Amino acid sequence: MRAEFAQAMVALFERRKDLVFITGDLGYMALEGVAQAYGERFINAGVAEQNAVSLAAGLARAGHLPWVYSAAVFAVLRPYEQIRNDVCLHKLPVKLVGNGGGYAYGIMGATHHALEDVGALRVLPNMKIYLPLVAADVARVVSTMADDPLPNYLRLGLSAELPGNVPAFAPWRLLKPGRSRVVIGMGPVLQGLYELGDQTLLDELEIWSVGTFPLENIPADLVASIQEKRRVITIEEHYRAGGLGEALSHSMLTSGVVPEALVCLHAAGYPSGRYGSRRWHLAENGLAGPPLASRLNELLRA
Amino acid sequence: MTEYATAECVMLAERVFSVKTRFLAMYKKANAGHIGSSLSCAEILVFLKFAWMRDDDTFVLSKGHAAAALYSVLAEANVLTKSQIDSYYEEGTELPALPPFNTIEQIPFATGSLGHGLSVSAGMTLGARFNGQERRFFCVTSDGELDEGSVWEAALFIAHHKLHNLVWVIDRNQIQAIGRTEDVLALEPLDAKLRAFGFHVITVDGHDFASLLAARDECAGLWTRRAAPVAIIANTVKGNGISYMQHTVDCHYLPMTDAQYEQALAELKRAHAATVHGDRNAG
């Protein structure tokens, strides 16, 4: 998604001149075009994320629309109090961009993975989070964020490649119909559902994608599906705490949409203490590959 | 009385007397602490507001725990009303112990968590540069605040981007929350550190208006050359002017008893009479 993001930022600069792009010294072989287009409005603030976020708050206070780019974990967790105080409390339109949400940094290891970024930001006032799924989402999300007066976080990852036409980015998207289970996921982890090599299994799954937090009201079509199928599965490349499963549980209960069964598939971190590619970590956490297939088959038999 | 020779110094002395009298009353009514922190920066804040800043300049009190001094200065400038001041610390007030967010235009950022003010000031300064504005920005930090790494991130940024119209004033009162700065986490040689970071460093007596005014004049010359950004080390005394508070850690925390409040007011009046009227035996 990084290349699409850079292209979208360059395109955005053609229609808005109040943009400032701040990177925390990341974006090699990605942001060169942004740097060229933005000129003095492209700032490498160095490996100093706390200053970068407060700086962005000051720029927003002065009427600009600052974007702060780093790896997801460094963009969110290192400057967390700056996001809380200087951005969210003041309701300033600072746009945080975290590259490599979830296990996207793969073999880089645990310090580079972001498995709690969404949960950490969900609890902050005024913060709206955007989670693109496929490459084509990124331009639309960037444009939407530019027009959103709230603080935002954009969680970039490795774009999902899904069969068929994927509807345009939206807070809730039905990706495919299915017979007996409703699966709701956030971000590119959903790709794993299509790669199980088991069409019979896939046919059972009605798949929805969540694109924003806080969760918008559950759409009527999804309410109807939950009431009909009665069994819901969530899947996310994120720890359980603060993630989609928890948020959806709350939304369902408080809106009176109560399934018979809810199973939340989520990242557990590093169960074996070993490292690998993103795919390897997803599989180890039961979020992709044969472990996901066997878990789903088990749920279907239940 | 050479140090208070000019009319400007007398005006500032009158202002600071009024500001201190007001915030001592606020602290007493609220039975609140952080009195020493407000006393150490009172002259600095009055000097910035009434002798240096123009209407379109911006001030950030990064050491938000001295909010009472800031509120009192804003009341002195008729920005805050008497009823707002009277509500300090009360239930439902707009004026909490540390500065609020998005409530008072002259307080652009809620501060209080240390190490934020210099960075947000840098952001606003850069924003004004992009806007083609000649506005100036003033940020007062404490010295204990310099323990925060984010302050030095901001310092690197300000120097690298030559944000010369941002003035950083350090209230160097030598005492942080529960100890002396040099005992807790030594800052000295502070001026050399700041120079090494790329700042033009001016050291002043932070309670002496003539010394502060000289720094202002030095900056004016620097700005015409768009030289290095400025850091002013204002040597101050925590609890300044009140004998039982001066140089103590306690005055960071403790409210005043009735007797202490009477003593504080009496000492303040006596010192003021001596400086403005040259009557060292007054009171």
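Residues numbered from 1 in each chain as written. Chains lettered and ligands numbered in written order. Predicted model: local features only at pLDDT ≥ 70, side-chain atom pairs only at ≥ 80, totals over all residues.

A. Highlighting the environment of C139(B). Residue and element names in this part refer to chain B. Its place among the elements puts C139 in strand β2 (residues 137-142). Distance in space between the C-alpha atoms of C139 and V201 is 15 Å, their sequence separation being 62 residues. Among all residues touching C139, those that are not within four sequence positions of it are V60, S62, G117, L118, S121, L166 and W168. (Helix = DSSP H or I, 4+ residues; strand = E, 2+ residues; numbered from the N terminus. Contact = placed C-beta atoms within 7 Å.)

B. Quick look at the domain arrangement of chain A. Residue and element names in this part refer to chain A. In terms of domains, chain A is made up of domain 1 (2-155) and domain 2 (172-301). Facing the 20 residues of domain 1 at the interface are 26 residues of domain 2. Elements with a contribution of two residues or more to the side of domain 1 that touches domain 2: α6 (117-122) and β5 (128-130). Of the residues in the side of domain 1 that touches domain 2, the class split is eleven nonpolar, five polar and four charged. (Domains from an automatic or database assignment. Nonpolar A, V, L, I, M, F, W, Y, C, P; charged D, E, K, R; others polar.)

C. The arrangement of the pairing of strand β1 (residues 58-61) of chain B in detail. Residue and element names in this part refer to chain B. Covered by surrounding structure in β1 are T58 and V60 together with F59 and L61, the residues of both alternating faces. Pairing geometry for β1 and β2, over four bridges, is parallel. Pairing of V60 across the sheet is with C139, part of β2. (Buried ≥ 20, exposed ≤ 12 C-beta atoms within 10 Å, placed from the backbone. Pairing = 2+ DSSP bridges.)

D. Broad picture of unusual backbone geometry. With an omega dihedral of 0°, the bond running from F213(A) to P214(A) counts as a cis peptide bond. If you trace the backbone, P214(A) turns up in the loop between β10 (212-213) and α9 (220-229). The omega torsion across E188(B) and P189(B) is 0°, close enough to zero to call that bond cis. The backbone phi angle of M29(A) is positive, close to 60°, even though this residue is not glycine. Checked against the element boundaries, M29(A) lands in the loop between β1 (19-23) and α2 (32-38).

E. Representation of the sheet that holds strand β8 (residues 181-186) of chain A in the model. Residues and elements named next belong to chain A. Spatially, the five strands line up as an open sheet ordered β7-β9-β8-β11-β12, and their pairing is mixed. In this open sheet, the two strands that pair with only one neighbour each are β7 (172-176) and β12 (261-267). Across this sheet, the average inter-strand angle for adjacent strands is 25°, counted without regard to direction. One ladder, built from six bridges, connects strand β11 (residues 231-239) with β12; its direction is parallel. Bridged to R231 within β12 is A261. In this fold α9 packs onto β7, β8, β9 (205-210) and β11, with an angle of close to 135° to the strand it touches most, β8. (Axes fitted to C-alpha atoms, helices over the stretch in contact; angles between N-to-C directions.)

F. Structural detail: the interface of chain B and chain A. On the side of chain A, 23 residues touch chain B, which itself brings 23 residues to the contact. Mapped by element, the contributors of at least two residues to the side of chain B that touches chain A are α5 (117-130) and α6 (149-160) of chain B. Grouping the amino acids of the side of chain B that touches chain A by side-chain chemistry returns 13 nonpolar, nine polar and one charged.

G. Local environment of helix α3 (residues 67-76) of chain B. All names here are of chain B. Of all ten residues that make up α3, nine are buried, and the element is covered over most of its length. Among all positions in α3, only A67, A68, A69, L70, Y71, S72, V73, L74 and A75 are buried. Just downstream of α3, N78 is the residue with a positive phi angle, here 60°.

H. Looking closely at the pairing of strand β3 (residues 166-172) of chain B. All names here are of chain B. The element β3 is extensively covered by neighbouring structure, given that seven of its seven residues are classed as buried. Because side chains alternate across β3, one face comprises the buried residues L166, W168, I170 and R172, and the other comprises V167, V169 and D171, equally buried. After leaving β2, the chain enters α6 and then returns to the sheet as β3, a path that is right-handed. Of the strand pairs in this sheet, β3 and strand β7 (residues 230-235) are connected by six bridges, and their pairing is parallel. Bridge pairing in β7 links V167 to V230. (Right-handed = clockwise from strand over helix to strand, strands pointing away.)

I. Representation of the nonpolar core. The biggest cluster of nonpolar side chains holds 166 residues, and the ones touching the most others in it are I22(A), A56(A), V68(A), A69(B), Y71(B) and I232(B). No other element matches the nine residues that helix α2 (residues 35-52) of chain B contributes to this core. Built from parts of two domains, this core gets at least three residues from each of domain 1 (2-155) and domain 2 (172-301) of chain A. Excluding residues within four positions of it along the chain, Y71(B) makes contact with L80(B), I85(B), Y88(B) and L95(B). (Core = buried A, V, L, I, M, F, W, Y, C linked by C-beta atoms within 7 Å.)

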